[in-house]
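Report on the structure
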Amino acid sequence: MGAGIWGETHASIYNEHVLAEVAAICDTDKEKAQRVADKYGIKEVYTDYHELFQKADFDAAAIVTPDHLHADIAIACANSKRHMLIEKPLATSKEDVYRMVEAIRRNHVRAMVDLHNRWSPPFNTAKQEISSGKLGRPVSAYYRLNDIRWVATDMLPWASKSSILWFLGSHSLDTLRWLMDDEPQEVYSVSHEGILKAEGVDTTDMYMTTIRFRKGGIAQMENGWITPNANSCINDIKFSILCEKGKIDIDASSHNMIQMTTDEKVTTPDILVRNNVFSKCRGFAYESIRSFIDQLSSGEEFHVSLEDAANTSLAILSIFESAETGLPVKVETL
Ligand SMILES: NC(=O)c1ccc[n+]([C@@H]2O[C@H](COP(=O)([O-])OP(=O)(O)OC[C@H]3O[C@@H](n4cnc5c(N)ncnc54)[C@H](O)[C@@H]3O)[C@@H](O)[C@H]2O)c1
């Protein structure tokens, strides 16, 4: 479902996976669906997901519609007894989180949310080092995950219906929960508005959030959609985690492995998230989607549970509340 920028990424990955075959594609925009269908040899094209769930023959669906349009499709998918990979975030309202979890559990189907930062080589290595115990317990973390302004003004036609907290904050918060091995207890956030609104995109520019975790760890999370467009990389990523007996620092956007310079700009080509090698999609965006197929086929647990994704969305809703009220807000979990 969804034949946009990321839906095409999903189609290309299923297309090359030996255990997957794409049975059908659905987008309310028929031309978009048909273009992706023609490119990847997908035989059936739908414009209404209800019709797709009734007529098409398949085991699992990928829900790759805009952030605020995952819930109804996921519930229809669960009610049709199909498994699903849902793009992040799981949902953008508390009501939708609980409606989706109820439908998925009642129908005994499997669901993974594509919180793919867990497959990022530096972050996955950090998780392994922390889990080994040699660094001791995490004490504090800092995570900046920003996009250049172009993503909000030009790339996403629906940016004003979402937020940087959903689009990138869901990755940041899931990663912090995972590396701290803990759930947020309380959040306090301040935000800045005006730069994107002046460009006609009705969404918040930036959030700075302080998180207190249940076991005592603390973290600072920065998510903005206003990094200058001339930044050498689409993302601006800086991460550090301090543990009782050591620390880890990650600079994933300026990784110093490749740099390209023209008369106009210096760029850092993406070789981590979604790069092509001999026309095949690679990078950790590929790994997470491939992992969904692998774990679904083997019956093993997904590396992101439904509870992980639900708790990430619930914590982000508390961050919105804190930024609006100016007060610390307790975080609800499933
Ligand atoms: N994992 C990642 O890092 C990553 C990267 C980019 C996007 N995403 C996520 O993927 C999702 C889609 O993002 P995108 O950039 O592809 O957006 P997009 O706007 O390019 O594509 C979304 C598509 O969904 C279609 N659509 C809307 N409502 C529909 C419906 N009811 N039924 C069928 N199709 C419908 C639209 O017509 C559009 O073609 C978002 O949730 C986004 O956050 C994830």
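As for a nonpolar patch on the surface
A cluster of nonpolar side chains, Tyr188, Val190 and Met208, forms an exposed patch at the surface whose accessible area comes to about 230 Å². Exposure remark for Tyr188: the relative accessible area of 35% places this residue in the partly exposed category.

Side note on the domain arrangement of the protein
The domain boundaries assigned to the protein delineate domain 1 (5–115) and domain 2 (117–278 + 301–330). Averaged C-alpha coordinates put domain 1 and domain 2 at centres separated by 25 Å. Across the domain 1/domain 2 interface, buried area totals approximately 2200 Å², and carbon plus sulfur atoms make up 69% of it. Applying the counting criterion to the domain 1 and domain 2 interface returns 1 salt bridge. For Glu307, the salt bridge is made with Arg105, and the minimal N-O distance between the two is 2.9 Å. At the surface where domain 1 touches domain 2, the tally comes to 6 residue pairs in polar contact (both at pLDDT 80 or more).

Regarding the packing of aromatic side chains
Evaluated as defined, the whole model comprises 10 aromatic pairs. When the centroid spacing of 6.0 Å and the interplanar angle of 35° are considered together, the rings of Phe53 and Phe58 count as tilted. Residue Phe53 is classed as buried on the basis of its relative accessible area of 9%. Ring geometry for Phe292 versus Phe302: centroids 5.3 Å apart, planes at 25°, classification stacked. Highlighted residues: Phe292 in helix H10 (residues 284–298) and Phe302 in the loop between H10 and helix H11 (306–325), separated in sequence by 10 residues. With a relative accessible area of 1%, Phe292 lands in the buried category. With relative accessibility at 12%, the residue Phe302 sits in the buried group. An aromatic cluster is present here, built from Tyr49, Phe53 and Phe58 joined pairwise through their rings. Positioned above the aromatic ring of Phe167 is the side chain of Lys88, whose terminal nitrogen or guanidinium carbon lies 3.8 Å from the ring centre.

Comments concerning the packing of helix H1 (residues 5–16) against H10
Packing of H1 against H10 brings their axes to within 10 Å, and their N-to-C directions diverge by 60°. Classified by the angle their axes make, H1 and H10 are oblique. The two elements H1 and H10 cross, and the hand of that crossing is right-handed. Residues Trp6, His10, Ile13, Tyr14 and Glu16 of H1 touch H10, and the partners they reach there are Ala285, Tyr286, Ile289, Arg290 and Ile293. Tallied by class, the residues present in the contact of H1 with H10 amount to 7 nonpolar, 1 polar and 2 charged.

Points about the sheet that holds strand S4 (residues 83–86)
Taken in spatial order, the 3 strands of this open sheet run S3-S4-S5, and their pairing is parallel. The two strands at the open ends of the sheet, each matched to only one other strand, are strand S3 (60–63) and strand S5 (111–113). Averaged over all pairs of adjacent strands, the angle between their axes in this sheet comes to 10°, without regard to strand direction. Pairing of S3 with S4, which is carried by 4 bridges, proceeds in the parallel orientation.

Rules and cut-offs
Residues numbered from 1 in each chain as written. Predicted model: local features only at pLDDT ≥ 70, side-chain atom pairs only at ≥ 80, totals over all residues. Heavy atoms only, no water. Patch = residues over 30% accessible without salt bridge, like charges linked within 9 Å, V, L, I, M, F, W, Y side chains within 5 Å. Areas by Shrake-Rupley, 256 points an atom, 1.4 Å probe, with all protein chains shown as cover. Salt bridge = Lys/Arg side-chain N within 4 Å of Asp/Glu carboxyl O. Buried < 20%, exposed > 50% of the residue type's maximum accessible area, 1.4 Å probe, protein only. Domains from an automatic or database assignment. Buried area = accessible area lost by both parts, 1.4 Å probe. Polar contact = N/O pair within 3.5 Å; in protein donor to acceptor, adjacent residues only side chain to side chain. Phe/Tyr/Trp six-rings, centres within 6.5 Å; stacked < 30°, edge-to-face > 60°. Helix = DSSP H or I, 4+ residues; strand = E, 2+ residues; numbered from the N terminus. Lys NZ or Arg CZ within 6 Å of the ring centre and 35° of its normal. Axes fitted to C-alpha atoms, helices over the stretch in contact; angles between N-to-C directions. Parallel < 35°, antiparallel > 145°, perpendicular 65-115°, else oblique. Left-handed = near helix turned anticlockwise from the far one by under 90°. Contact = heavy atoms within 4.5 Å. Nonpolar A, V, L, I, M, F, W, Y, C, P; charged D, E, K, R; others polar. Pairing = 2+ DSSP bridges.

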